[in-house]
Structure formats: structure tokens, C-alpha cells
Amino acid sequence: VQDIDAPTDVVWGRILDYDNYANMVPKTVESKNYKVIDHKPTKANPLEQTIYTRMKVGFPMLKLEFFIKHLYFPSENSLTWTLDYDKSSDFNDSCGYWYVVPHPDKPDWTRVYYSVEVALFDWVPKFVVDFMSSKALTDATAWVKKYSELEWSKQAKNRVSSDGDTAGE
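Predicted model, so just to flag it, every value in this text is computed and none were measured.

Asks: Explanation requested: the packing of aromatic side chains in the structure shown.
Replies: Given two aromatic rings, their pairing is described by the distance between the two centres and the angle made by the two planes. Counted according to the given criterion, the structure contains twelve aromatic pairs. Centre to centre, the rings of Tyr34 and Phe67 are 5.8 Å apart; their planes meet at 75 degrees, and the pair counts as edge-to-face. Here Phe67 lies in strand E4 (residues 62-73) and Tyr34 lies in strand E2 (residues 28-38), a separation of 33 residues in the sequence. An aromatic cluster is built from Tyr18, Tyr21, Trp81, Trp98, Tyr114 and Trp143, whose rings are joined through pairwise contacts. Note that Lys87 overlies the ring of Tyr34, its terminal NZ or CZ placed 5.0 Å from the centroid.

Encoded structure:
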């Protein structure tokens, strides 16, 4: 669980910005959507978008490529993922979710819930397995906090200057 000093739309903007993960997410060296399917959500099926992303994480002397299928449910405040099983990944399996809601006590803040499970093949070195199963969980919420708060701060400065006020007055 991570509390973030930015509203939910800003937080979702960072989470869904897969093409920029290499600039934001530790150990991510490449990330690019290769297919996005828009759906018409209904009450019975609130799925709004399926996003397919090729990612590559890097470690000294080792890069792992994997393909993720994200299911985005904005009306449910959530995004889930699994591997794209139609493609060959360097992970044996991976699944998880983001759940993003307004903070219960702080206006314009967000509370983020995140979970991930990763199964790696036996040939993957132990230090990578350790990183992917423990440090990655902490890093996953830390980067989204950092970049959401930076974006919200930037937007606040733009709001102030567009109102004709200047910062510091």
C-alpha cells in the first residue's frame, strides 16, 4: 500500500505510460505497447482496454524480455495483468494488479494497492530471482509515487501560472 500526494488520474497516467517505463521504472531498459484494444464496457463486463506490452528488464550481463497482457477496468479502479501466453517470455509466469483509489482522508491524494507474483525459470540467477520477488515490489510503488508527485507538482505550477499568479507571491 502506497499513499501518493497526487490525484488518481495523475497516478493512472504514470501507471499506464508503458512507453516511458524505461525512464521511470528501475531495471526497465525497454517497454513498448505492441497492441491496444479498446472495449465498450458494460455493467456485466467493465473491461475498457486490453494493453499488450513488450518489456525488458536489465541486470549486469543479463536482460530478460517478457510480454504482458494488461486488462484495464477504470470503473473498478483496477488494472490486472498476466503474461501474454501467445508469446514466448523469459519469465515462466507473472500476474498482478494495481488498485488505485482516492485517499480516504486527504483530498487530491491517492492510495495505491499493488501485488505481483513472478515465476522464473531455473536458469535465471538467484540474485535476479531475489530482486524480482522482493525489491521489485518496493520499487514498483516507489517509482509510481515519485513520478506521480513530480507530475502533480508540475501541473500545480502550471495551474498557478495560468491563473496569472506567480509562484512565491
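Asks: Would you take a moment to explain the side chain of Thr50 for this structure?
Replies: With respect to the helices and strands, the residue Thr50 is situated in strand E3 (residues 49-59). When its relative accessible area of 4% is taken as the criterion, Thr50 is described as buried. There is a polar contact of 2.7 Å between the side chain of Thr50 and the side chain of His39. Sequence-distant contacts of Thr50, defined by excluding residues within four places in its chain, comprise Lys35, Val36, Ile37, His39, Lys69, His70 and Leu71.

Asks: Before we go on, may I ask you to explain the pairing of E3 in this structure?
Replies: On a regular strand, each side chain points to the face opposite its neighbour's, so the side chains alternate between the two faces of the sheet. The buried fraction of E3 is high, at nine of eleven residues. Inspection of the sheet shows E2 paired to E3 by nine bridges, in the antiparallel sense. Within E3, the residue paired with Lys32 across the bridge is Arg54. Where E3 meets E4, eleven bridges bridge the pair, whose relative direction is antiparallel. Residue pairing for E4: Val57 is matched across the bridge by Leu64. Following E3, the chain reverses through two residues before pairing antiparallel with E4; Met61 in that reversal takes a positive phi of roughly 70 degrees.

Procedures and definitions
Residues numbered from 1 in each chain as written. Predicted model: local features only at pLDDT ≥ 70, side-chain atom pairs only at ≥ 80, totals over all residues. Heavy atoms only, no water. Phe/Tyr/Trp six-rings, centres within 6.5 Å; stacked < 30°, edge-to-face > 60°. Helix = DSSP H or I, 4+ residues; strand = E, 2+ residues; numbered from the N terminus. Lys NZ or Arg CZ within 6 Å of the ring centre and 35° of its normal. Buried < 20%, exposed > 50% of the residue type's maximum accessible area, 1.4 Å probe, protein only. Polar contact = N/O pair within 3.5 Å; in protein donor to acceptor, adjacent residues only side chain to side chain. Contact = heavy atoms within 4.5 Å. Pairing = 2+ DSSP bridges.

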